[in-house]
Structure formats: C-alpha cells, structure tokens
Amino acid sequence: MSNEVASGGLPLQHAENFLLNQGVSASLGFLPAQPHFGDVTQNTSGYNNKRSLSPSCDYMEDRTSENDEQASTALVGVRNPTSLRNKGIRKRYRKETAVKRTLTYLLDSLQREQILEVIEKVTEENPQLRSRFLEAIPRPTLASVSFAFSNLEKRVNEAFPFFRDGPTRDRYSFTRVKPRLLELQESVFQYADHFISAESEMPSVIFSFLKLASELGHRLPDWDHKPDNQIKREYYAKLVQHWNVAIELAAKKMEEGKLFGRALVTEWATELERHNQVSQGAFEDSISLFKNKLGWVLGVGPLPQGSNSKFYLNFNHPQ
C-alpha cells in the first residue's frame, strides 16, 4: 500500500486526475467518502510515522475547489433551468430600474414648459398614450389647485419688464404680460370645468374652488389703457357662468333631498356678495340667481315646490 489510500485502493498519484475527470467532488455526494490523507500512519518501512501529504493535498484541493465550482455551475444550468430564467429576470429588472432612475434625473433637470413639450411630443406621435396620461394624473384637489394658481400668478408677475421704479401698467408692459394672462385664464377654467363636470363633487367643494378663482381674478393687474382690461373682464364673465352653474347644481341637490345647513348657505352668499363688491358689480347676475334658487334658505327668496323645503324651513325657522 505504499502508493494507495488505505481504504479506497486509489493510487495517490492518480487521485487528482480522477477527480478532475469526474468533474465533481466527493462533497457533492457523487464519490464515496475518502479518509483524510494526513491520517495515513504506516509506510512500507514498517514503523509508525505520520506521513505528511500537505503539499500535494493543498494543490489538489485548490484544483478540486475550482472544478467543483465549474461543475456546480454546469449542474445548476442543466438540472435547474429556472435559475437561468430568474437570472434573466434579475438582469431585466436591474436594466429597467436603471432606465427609470435616468428618466427621473432627466425630468428633474427640466423646467415645467420643457416637460409639457416632451409630453405633447410623445402624445402627438402616439395618440393612444394621451388617454393613459389622463388616467394616470391624480384628480385635482383644492390644495393642488391653490398651488397651481400660485405658480400661474407668479409667472404673470415675473413677465413684467424691470424698471427702476417698479412695474408699470403701460402698453409695453401689457404686451409682455399678455401671454401669461391668457395662459392663466385658460388654466383656471380648465380646472373649473373639471370641478363642475364631476358629478361626485359636492357643491361646497365647487364653491370653495370658485372662491379661489375669484380671489385670483381680483389680483390681476388693471392696465392704464382701458381696452387692455378686456382680458380681466372676460375672466369675470366666465367666472359668473361657473358660479351660476354651481348655484343651479346646489339647488338641484336640495330638491333631491340633500339639505345644506343655513350657516353654509349664508357663507356662500356672503362670499358671492364680497366678490361682487371687489369686482365693482361683475357678479350681479349670480347674486340674482342665488336669491332665486337658494335665497329661501335664508328667508329672502321664493320657496321651491316640494315637502323637503317646507320641512327644512320648519326645522330651521321655528315659529
């Protein structure tokens, strides 16, 4: 047994070649367990002496470990194809995540007008994406609208040309500011159409929106050249139309059985009267409609037909 492992019968000089040819190690369970080579205690001379095989074993173990890794990889690919699919999924996920991060960084570097241009270009080239954009955009709220109004007003103020004594209201300044005024007007009434066309929106929310839009209109500049104030007059005229729609909607809700408290209706009437005073009578038509449709709640208008209104008056105006 001078050149053989005690229990395995395999020549030591051929052990390395045998393992390499097999392509797997004993640790994977494909070979019978061999005793540790360092435990061989007997040689051909017949006396006990622990035989050191560490140089050749270290070399063999390094080569075996390297081949084990290759064999394991080969076996995984053959015996577990799911791992290959999972690897492909992970690579695709990393790629998609990298693209998403890149898109976020690029959008962060753009101004609002540039982002809108990108969206317009994409939707023009792919019209089917426009509806998907609209579905993905969150519904406007009073808070988001208030923020949008602030930005619109800021752009109007920034459009004024710089003068040492402050902004002027002359013709030159008007020509510089006019595009921003038209942008503001268009945006405000797109929001207004959204709030009023939403069947689920309560009249109280609509009136709150109209309050914000009316206050914004009061802050629009008055120009030295009177014809230039036509944009502001048109703004008020469109606001009156939306106030009238909101009043009709509230009256219809009450006819259907939805009763609004007297304090809330009083608040609506007070706001409408204030806007009329600040605008120098621009809301007279809305005030007349309010008295005709909702004034009965305050005791100043005709009582509509129906038992709900009589019950409401008996409850809120006891004799």
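What counts, and where the lines are drawn
- Residues numbered from 1 in each chain as written.
- Predicted model: local features only at pLDDT ≥ 70, side-chain atom pairs only at ≥ 80, totals over all residues.
- Heavy atoms only, no water.
- Salt bridge = Lys/Arg side-chain N within 4 Å of Asp/Glu carboxyl O.
- Helix = DSSP H or I, 4+ residues; strand = E, 2+ residues; numbered from the N terminus.
- Buried < 20%, exposed > 50% of the residue type's maximum accessible area, 1.4 Å probe, protein only.
- Expected span 1.5 Å × (residues − 1).
- Arc of directions from axis to C-beta.
- Contact = heavy atoms within 4.5 Å.
- Axes fitted to C-alpha atoms, helices over the stretch in contact; angles between N-to-C directions.
- Parallel < 35°, antiparallel > 145°, perpendicular 65-115°, else oblique.

(A) Structural context of the pattern of salt bridges. Counted by the stated rule, this structure contains 10 salt bridges. Close ionic contact of Glu-183 with Arg-155 constitutes a salt bridge, the shortest N to O distance being 3.7 Å. Taken together, the positions of Glu-183 in helix H7 (residues 171–197) and Arg-155 in helix H6 (residues 142–158) put the pair 28 residues apart, joining distant regions of the chain. Per residue, the accessibility class of Glu-183 equals that of Arg-155, and both read buried. Residue Arg-171 is joined to Asp-228 by a salt bridge in which the shortest nitrogen-to-oxygen separation is 2.4 Å.

(B) Geometry of helix H10 (residues 262–278). Across its 17 residues, H10 extends 25 Å between first and last C-alpha, which sits within 8% of the 24 Å expected from 1.5 Å per residue. Among the residues of H10, Val-265, Trp-268, Glu-271, Leu-272, His-275 and Asn-276 are the ones counted as buried. Down the axis of H10, the smallest arc covering the buried residues is 135 degrees, so these residues share one side. Turned more than 90 degrees off the buried face of H10, the exposed positions are Ala-263 and Gln-277. Where the residues of H10 are buried, they touch helix H8 (203–218), helix H9 (230–255), helix H11 (284–293) and helix H12 (295–298). Gln-280 occupies a position one or two residues after H10 and carries a positive phi of about 60 degrees.

(C) The packing of H7 against H9, seen in detail. Between H7 and H9, the least distance of the axes is 11 Å, while the angle of their chain directions is 5 degrees. Put simply, H7 runs roughly parallel to H9. Judged by residue contacts, Phe-174, Lys-178, Leu-181, Leu-182, Leu-184, Gln-185, Val-188, Phe-189, Ala-192, Asp-193 and Ile-196 of H7 engage Ile-231, Glu-234, Tyr-235, Lys-238, Leu-239, His-242 and Val-245 from H9.

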